Amino acid sequence: MQKEISYERYQRQMILPGFGEHAQGQLADASVLVIGAGGLGCPVLQYLVAAGVGRIGIADGDSVSLSNLHRQVLFHTSDIGKNKAETAADRLRRLNPEIVIQPIAENVSSRNLLEIISAFDIVVDGTDNFATRYMINDACVLMNKVLVYAAVSRFEGQVAIFNYPTAQAGRSSNYRDLFPEPPGENEILNCADAGVIGVLPGIIGSMQANEVIKVITGMGELLVNQLLTFNAMTNQLYTVKITAKQETAQLIPQTAAAFEKTDYAWLCASPSTVNEIDARTFNNLVQKGNIDIVDVRELHEMPAVDEFQHYRIPLAELKTAYLQLKNDTVVVFCQSGKRSLLAMKFLSEQLGTTKRIHSLQGGIIAWKTFCQTK
Amino acid sequence: MKTRVLLFGQLAEITGSKELEMEGCADTAALLSILHEQFPVLAQSKYVVAVNQEMISGNKNLPENSIVALLPPFSGG
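Reading guide: rules and limits
- Residues numbered from 1 in each chain as written.
- Chains lettered and ligands numbered in written order.
- Predicted model: local features only at pLDDT ≥ 70, side-chain atom pairs only at ≥ 80, totals over all residues.
- Heavy atoms only, no water.
- Buried < 20%, exposed > 50% of the residue type's maximum accessible area, 1.4 Å probe, protein only.
- Helix = DSSP H or I, 4+ residues; strand = E, 2+ residues; numbered from the N terminus.
- Contact = heavy atoms within 4.5 Å.
- Pairing = 2+ DSSP bridges.
- Axes fitted to C-alpha atoms, helices over the stretch in contact; angles between N-to-C directions.
- Buried area = accessible area lost by both parts, 1.4 Å probe.
- Salt bridge = Lys/Arg side-chain N within 4 Å of Asp/Glu carboxyl O.
- Parallel < 35°, antiparallel > 145°, perpendicular 65-115°, else oblique.
- Left-handed = near helix turned anticlockwise from the far one by under 90°.
- Domains from an automatic or database assignment.
- 1 Å grid on protein atoms, 1.4 Å probe; cavity = no way out; pocket = protein on both sides within 12 Å on 5 of 7 lines; lining within 4 Å.
- Points joined across faces, edges and corners; volume = space filled by probe spheres on them.
- Nonpolar A, V, L, I, M, F, W, Y, C, P; charged D, E, K, R; others polar.

Draft legend 1. Fine view of helix H2 (residues 20-29) of chain A. Buried residues of H2(A): A:Gly20, A:Ala23, A:Gln24, A:Gly25, A:Leu27 and A:Ala28, and no others. Packing partners of the buried residues in H2(A) comprise helix H1 (7-14), helix H3 (41-51) and helix H9 (199-217) of chain A.

Draft legend 2. Looking closely at the sheet that holds strand E12 (residues 291-295) of chain A. All names here are of chain A. Within the open sheet, the five strands sit side by side as E11-E15-E14-E12-E13. Their pairing is parallel. Here the strands that pair on one side only, and so sit at the sheet edges, are strand E11 (274-277) and strand E13 (311-312). As paired strands, E12 and E13 are joined by two bridges and run parallel to one another. Across the sheet, aspartate 295 pairs through a bridge with arginine 312, a residue of E13. Its contacts with the sheet place helix H14 (residues 339-351) against E11, strand E14 (329-333) and strand E15 (356-360), and it is angled at close to 170° to E15.

Draft legend 3. Representation of the interface of chain A and chain B in the model. Listed per partner, the contact involves 40 residues of chain A and 24 residues of chain B. For the chain A and chain B pair, buried surface summed over both sides reaches about 2600 Å², with 57% attributable to carbon and sulfur atoms. Summed over the three residues of chain A that lose the most area to chain B, namely A:Glu156, A:Phe179 and A:Tyr238, the buried surface amounts to 24% of that side. Linking chain A to chain B there are two salt bridges. For B:Glu13, the salt bridge identified is with A:Arg154, shortest N-O distance 2.5 Å.

Draft legend 4. Up close: the packing of H3(A) against H9(A). All names here are of chain A. Packing of H3 against H9 brings their axes to within 7 Å, and their N-to-C directions diverge by 40°. Relative to H9, H3 is oriented oblique. For the element pair H3 and H9, the recorded crossing hand is right-handed. Across the interface between the two elements, Pro43, Val44, Tyr47, Leu48 and Ala51 of H3 pack against Pro201, Gly202, Gly205, Ser206, Gln208, Ala209, Val212 and Ile213 of H9.

Draft legend 5. Here's a closer look at the environment of A:Gly54. Residues and elements named next belong to chain A. Residue placement: glycine 54 occurs in the loop between H3 and strand E2 (55-59). Its relative accessible area of 4% is what places glycine 54 among the buried residues. Considering only alpha carbons, one finds glycine 54 and aspartate 29, 25 residues apart in sequence, at a separation of 5.5 Å.

Draft legend 6. Summary view of the domain arrangement of chain A. The domain architecture assigned to chain A consists of domain 1 (7-262) and domain 2 (278-373). On a C-alpha basis, the centroid separation for the pair domain 1 of chain A and domain 2 of chain A is 44 Å.

Draft legend 7. Inspection of unusual backbone geometry at higher detail. Residues and elements named next belong to chain A. Residues methionine 302 and proline 303 are joined by a peptide bond in cis, for which omega reads 0°. Mapped onto the secondary structure, proline 303 falls in the loop between E12 and E13. Even without being glycine, arginine 154 reaches a positive phi, approximately 55°. On the basis of relative accessible area, arginine 154 is assigned to the partly exposed category, the value being 22%. Even without a glycine there, the phi angle at asparagine 235 is positive, about 60°.

Draft legend 8. Spatial organisation of empty space enclosed by the protein. Residues and elements named next belong to chain A. Taken as a whole and judged by the stated rule, the model has one cavity of 30 Å³ or more. Considering only enclosed or pocket space, the largest cavity measures out at about 80 Å³ in volume. Lining the largest cavity are eleven residues, with Glu4, Tyr10, Ala28, Glu98 and Ile99 sitting closest to its centre. When grouped by side-chain class, the residues that make up the lining of the largest cavity number four nonpolar, four polar and three charged.

Right under this line is the structure:
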């Protein structure tokens, strides 16, 4: 669909060599979904709207808060408490009334994301947590959409284009080729915990918008199979080549039904909350107290443990036992650490992310040995 | 044999420096095991390893004067 294009509005970019009416028409025909109207989303939106991208979706269920304003430059102090997608749409329509802006005032989830994405050509990830980032990556792979990714922390940012169609391999590398499994949400700090210099998402978001414009118009070299990092303190840019890995594909849900059933929030929380701990860590936990310890060995098994309080529930009985766990941290142990792994898995299925569940690596033998040698 | 190690994001805070110089590491496994021993928190951190600006998986030989970059995931937006 060729829309009426205002030559005067876009004149400065249309006179660029290799741009012209053709590239402007490509922008007018394109549709881009920006997920997250935050530090990255704001500059991305401003530049894509100003450049004349024909249809832009803005998905964000959050509302503006005072601590956003140092970096989320679309919003005013008087916007505090208002939904970000709607507020951004309102402001952006005044910037460019010639394009279509579609606010989606809800957070994306594995239930609504595929449907939202299906209406757009290109997806921009400007979100602020791993659960949503992995979810967006997987959805783009599943739906064959190009994903323009960026993320920031403190003084540094990353930019890349994922899942871009290539002649040979079908699609370029995606986020899971870089980081196959999500880290625990507590393992890596987000902006709220780590802090971020306000201008950094401005720079990184502008780079993201630049990549989007290049993808649409076919101009220049793209950050495909490459991760670019920028350090605002040293002004250093560093680019790393990424290769698509075969084993990555099986980590991504293969069907829409499988995707919708994936609990991304749990995936991201689980590696930090359900894991094996060694004898030293266990010993520290015992000394700190406030943990529930469960011995899943059979009642006759030796050595006996009288150094700390614990429950005795043999593995076979665990499924029917009524657990009265009082503390947020639970450690299961057995003789050598094998049965307790099964117990940990079972408990994590039962208790979800409400508790931190650990299995003692090497079992009680490892801990007894540790106590003798320390 | 010298290797330059570049640390990104919070990894630099773990080591206290954005850049380290290591001596006598024949491959990435050797280099990482020394780093992990020196900085135990690094062993528990998630990062991708690049040798001379190419992401690697598994162990890779380190030619003289290689630059190894350790890049953590960022979640902020």
